[in-house]
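# Coordinates in review
Okay, here's what each chain looks like letter by letter:
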Amino acid sequence: MKDFAELYAALDRTTRTNDKVAALIRYLKAAPPEDAAWAVHFLIGRRPKRLLPSRRLAEWAVEEAGIPDWLFGECYQAVGDFAETMALLQPPAATSSDRPLRYWVEDRLLPLRDVDDQTRRARVVSAWREMDEGQRFAWNKLITGEFRVGVSQRLVFRAVAEVAGTTPEAVAHRLMGEWQPTAEFWRQLLAEDAPEADLSRPYPFCLAYPLEGSVEALGDLGAWQVEWKYDGIRAQLIRRQWQTFIWSRGEELVTGRFPELQALGALLPEGTVIDGEILPWKQGGPLPFGQMQRRIGRKLLGPKILAEVPVVLVGFDLLEFQGEDVRSRPLAWRRAELEKLAPPASALVLSPVVEATSWEELARLRQHARARKVEGFMLKRLESLYRVGRRRGDWWKWKIEPYSVDAVLIYAQPGTGRRAGLFTDYTFGIWDNGKLVPFAKAYSGLDDEEIRQVDAFVRRNTIEKFGPVHAVKPELVFELAFEGIQASPRHRSGIAVRFPRMARWRHDKKPGDADTIDTIRALLR
Amino acid sequence: MANNRGVPLLELDPNGLYCAAGDFYIDPWGAVERAVVTHAHSDHATPGSQAYLTARDGEAVLRARVGPEVPIQATAYGEELTMGGVRISLHPAGHVLGSAQVRIERGGEVWVVSGDYKLASDPTCAPFEPLRCQVFVTESTFGLPIFRWPDASQVISAIHAWWRANQQLRRASVLFAHPLGKAQRLLASVDPSVGPIYTHGAVERMNHLYREQGIVLAPTTHAAAGSCWAGALIVAPPSCHGTAWERGFGEFSTAFASGWMRIRGARRRRSLDRGFVISDHADWPGLLRAVEETRADYVWVTHGYRAPLVRWLAEHGQNALAVEGHFEGERDEPAEEAGP
């Protein structure tokens, strides 16, 4: 745990990626294989199933610290990180632990799930007492499952690749899918010719950047494949050895949630992997994404919901063909093979290729994207390989302009993480019969200087407090941008928007200039 | 308030804490006739008043803030003066050079205004002196139990380790610290044999005033006179971080020496490599101990996390109340005078 807590500290205390990778390599080379496997498991964002409610954990931390609950709340607001708050409040450390990470995870952490609260409390408190401050913090992060440390997956892949003497892409692939963090797994990961251990293993997703600058700069339209950009669940459908697996981009195995796609899998030839977007679909077109959320929310999928919200896979790429990895073939080839193997009248819908003779014609089509219930276009170079992760150059998303409204800042609360103690989380209101009603929350879009200014404004203009939430004098106007809008009885304004963020601070506008509920209802159409 | 004439010794008006019986303000926010100044940081010493009273150790640094012409009366720690109907004396607060608590007495009734203070020892200023009083006005910059300072000697060792590690990588070590107080406390504690030490002009000006009063600091060179930065320690005001000034140093690592560095988020949002937890303010145990040692009947809490400290004291049987500062919850480090 000593080395692991030090690794955490080393990663946390530098902003240079090369220093981070160097720290990872140092740790991975020195650590026992099972510790290295666990470290990678946590660092790429995997977490054990929920061990215990964080409410309990806070209670025990408060008891150990000898402070009342309300004071824990004040501290949390200042720190903006639950695990860190608990670590900072513990009595000064008397010792530190020399036990390895494997011991702390397998013998101390995971068994917490199977015991009652009283035993858990005793074990957690005893763990805190065996550790120093840095270790307590790392341990609290492991328990709460919020193990983010400022290294991207890509940096971890780079470090492991360096240790294994292979490429980050190969490591990324080997770390997909289901695996157990064991010494055996670590050895296989480093082995030159690792056997294909996991039948269900997906490929790392290829991701697109938003288009920057003008579309004409992409050159000859003839070199590009243009598709509609659907808003669904990005997924890979895998058919191997007569079994079907469906992986979401969040690396979750979601096969059981989509019986339609399991049925589709059975129609596909052996050794096939298709990349696409899962969408609720009826009469040849997508249903609103809200319908999908209704379906995802269900534990049990009855015949009613399956009939109301059927799904399809809008397939747009072929990654494995006849059991062979075909990611290094050009897109045009992959698409052609995908078209050949698509079973007719099935839950596989080939992503339509948009035909146009010029970029201008596409730009005109793009204006009707909303009516088609798509978010814009995907632009893919016909020669492009299927690459790992987010890359510039070959794949672009060309999204439609977001909706925008002017709204007034009415509530603010402190942020978390690096925004701890600063008022960065805002609620905006719009006018409804002469009153401001809460309309949307937004956290992003301002630069550091603007955040400082809004923070100072909130401190000077708080009119009422509800716990951490400050009601402020309605004075500042912001232009909010968002992607989607739908009626929602659960929101006070009767409207829910998708991905709201601050597009601009409208210094030139007064609160009275902000939009009204009627102008926003008109967007619903 | 407990007093025998019906009028409290101190009250708050738009210019700050005012003593009517003595006709003076303590750390006024605006320009007034007579200002008693606890120390020369910009959030306590406002220029423009007609006359100032401060502790003798702090005269030179206050002069640098308020200008060469203004009358400043300097008094030794503990020396009693009569102002109007009250006796007043200044006592060490341990915050920075010349920082003082203000003790006001009228007919056996004693009030103490702490200004900013710390209980930990500091080679650059006189140690905090506990005073008994009926009313204690305390700061609360770090008034939450998450703020607990490590031993300063451990922190200095950590700074040395960081500096040496940067030397190995041929990097400069840029250490941000408040140019009045923190910078000198660090310079009085670091080991100059590790490598050359350069300073920003704002720091160097204060170094000069400190040295004139016989305080021994590590030898420093104004950064304008330097040229080779790899392996050097460069001490600068935090406001230089991310500015053009910083970019002349080639490869470098950044660190900030402040109590705020106890919180990771505070360091990460400034994109600093390291945070060294060393503060010139009392931590939570320090605040509680200082309050207890005054045996005050009433505690007024100002500057910082007022509400939590007041509530904690009230829950522990202490009469306590929050006194408005400039505005609600201004918590970050005070803007420091960087200059060229």
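This structure is a prediction, so every number in the text was calculated from the model and none was measured.

Definitions and limits used
Residues numbered from 1 in each chain as written. Chains lettered and ligands numbered in written order. Predicted model: local features only at pLDDT ≥ 70, side-chain atom pairs only at ≥ 80, totals over all residues. Helix = DSSP H or I, 4+ residues; strand = E, 2+ residues; numbered from the N terminus. Buried ≥ 20, exposed ≤ 12 C-beta atoms within 10 Å, placed from the backbone. Contact = placed C-beta atoms within 7 Å. Pairing = 2+ DSSP bridges. Axes fitted to C-alpha atoms, helices over the stretch in contact; angles between N-to-C directions. Parallel < 35°, antiparallel > 145°, perpendicular 65-115°, else oblique. Nonpolar A, V, L, I, M, F, W, Y, C, P; charged D, E, K, R; others polar. Expected span 1.5 Å × (residues − 1). Arc of directions from axis to C-beta. Domains from an automatic or database assignment. pLDDT = per-residue confidence, 0-100.

Turning next to the overall build of chain A. When its secondary structure is counted, chain A shows 19 helices and 22 strands. Its C-alpha atoms give chain A principal-axis dimensions of about 70 × 70 × 50 Å. Split into buried and exposed, the 525 residues of chain A put 36% on the buried side. Long-range contacts, defined as pairs at least 24 residues apart, comprise 71% of the intrachain contacts of chain A with a sequence gap of at least 6.

Our next topic: unusual backbone geometry. Residue and element names in this part refer to chain A. Backbone geometry at tryptophan 242 places phi at a positive 60 degrees, although glycine is not the residue there. Tracing the backbone shows tryptophan 242 in the loop between strand S4 (233-240) and strand S5 (243-248). You can call tryptophan 242 exposed: it has 8 C-beta atoms within 10 Å. Residues other than glycine seldom take positive phi values, yet alanine 345 does so here, at roughly 50 degrees. Tracing the sequence through the fold places alanine 345 in the loop between helix H16 (331-341) and strand S10 (348-350).

The subject of this paragraph is the sheet that holds strand S4 (residues 34-36) of chain B. Residue and element names in this part refer to chain B. Taken together, six strands build an open sheet; the order of strands is S1-S2-S3-S4-S5-S6 and the sheet is mixed. In this open sheet, the two edge strands, each paired with only one partner strand, are strand S1 (11-13) and strand S6 (72-75). Mean inter-strand twist for the sheet, computed between neighbouring axes without regard to direction, equals 30 degrees.

Residue and element names in this part refer to chain A. Axis separation between helix H1 (residues 2-12) and helix H9 (residues 133-144) bottoms out at 9 Å; the angle between their running directions is 85 degrees. As judged from the angle between their axes, H1 and H9 are roughly perpendicular. For the pair H1 and H9, the contacting residues are Phe4, Ala5, Tyr8 and Ala9 in the first and Gly134, Gln135 and Ala138 in the second. Partitioning the contact of H1 with H9 into residue classes produces five nonpolar, two polar and no charged.

All names here are of chain A. With 14 residues, helix H2 (residues 17-30) should cover 20 Å at 1.5 Å per step; its first-to-last C-alpha distance of 20 Å lies within 8% of that length. Along H2, the residues classified as buried are Lys20, Ala23, Leu24, Tyr27 and Leu28. Taken end-on, H2 shows its buried residues confined to a sector of 125 degrees, consistent with a single buried face. Seen from the buried face of H2, the exposed residues on the opposite side, beyond 90 degrees, are Asn18, Lys29 and Ala30.

Residue and element names in this part refer to chain B. What the six strands build is an open sheet, ordered S14-S13-S15-S12-S16-S17; its pairing is parallel. The sheet terminates laterally at strand S14 (221-222) and strand S17 (274-276), the two strands that pair on one side only. As paired strands, strand S16 (residues 252-257) and S17 are joined by three bridges and run parallel to one another. The residue of S17 that forms the bridge with phenylalanine 256 is glycine 275.

Moving on to the domain arrangement of chain B. Residues and elements named next belong to chain B. Domain parsing of chain B yields domain 1 (11-146 + 280-322) and domain 2 (152-276). Once you take the C-alpha centre of each, domain 1 and domain 2 turn out to be 29 Å apart. With 17 residues of domain 1 at the interface, the matching set in domain 2 holds 17 residues. A class-by-class count of the residues in the side of domain 1 that touches domain 2 yields 10 nonpolar, four polar and three charged.

Moving on, we come to the environment of histidine 368 of chain A. All names here are of chain A. Looking at the secondary structure, you find histidine 368 in the loop between helix H17 (359-366) and strand S11 (376-381). Given 10 C-beta atoms within 10 Å, histidine 368 falls into the exposed group. Considered as a pair, histidine 368 and tryptophan 333 are 35 residues apart in the sequence and their alpha carbons are 30 Å apart.

This part is about the interface of chain B and chain A. Each partner contributes to the interface: chain B provides 20 residues, whereas chain A provides 25 residues. Looking at the side of chain B that touches chain A, the elements that each hand over two or more residues are helix H5 (264-268) and helix H7 (306-315) of chain B. For the side of chain B that touches chain A, the element with the highest residue contribution is H5 of chain B, accounting for four residues. For the side of chain B that touches chain A, the residue count by class is eight nonpolar, three polar and nine charged.

So, about the packing of H1 of chain A against H2 of chain A. Residues and elements named next belong to chain A. Packing of H1 against H2 brings their axes to within 9 Å, and their N-to-C directions diverge by 170 degrees. In terms of orientation, H1 lies roughly antiparallel with respect to H2. Of the residues in H2, those touching H1 at Asp3, Leu7, Ala10 and Leu11 are Lys20, Ala23, Tyr27 and Ala30. Along the lines of polarity and charge, the residues of the contact of H1 with H2 split into six nonpolar, no polar and two charged.

With that settled, the discussion passes to the confidence of the model for chain B. Residue and element names in this part refer to chain B. The share of residues in chain B with pLDDT of 70 or more is 94%, and the mean pLDDT across the chain is 91. In this model, residues 327-340 is a region of pLDDT below 50 whose contacts with residues beyond four sequence positions or in other chains number 33 contacts. Among the scores for the predicted complex, ipTM is 0.92 and pTM is 0.82.

Moving on: the pairing of S16 of chain B. Residues and elements named next belong to chain B. Counting buried positions along S16 yields five of six residues, so the element is predominantly enclosed. Taken together, the five bridges between strand S12 (residues 172-176) and S16 define a ladder with parallel strand orientation. Looking at S16, one finds that phenylalanine 176 is bridged to phenylalanine 256.

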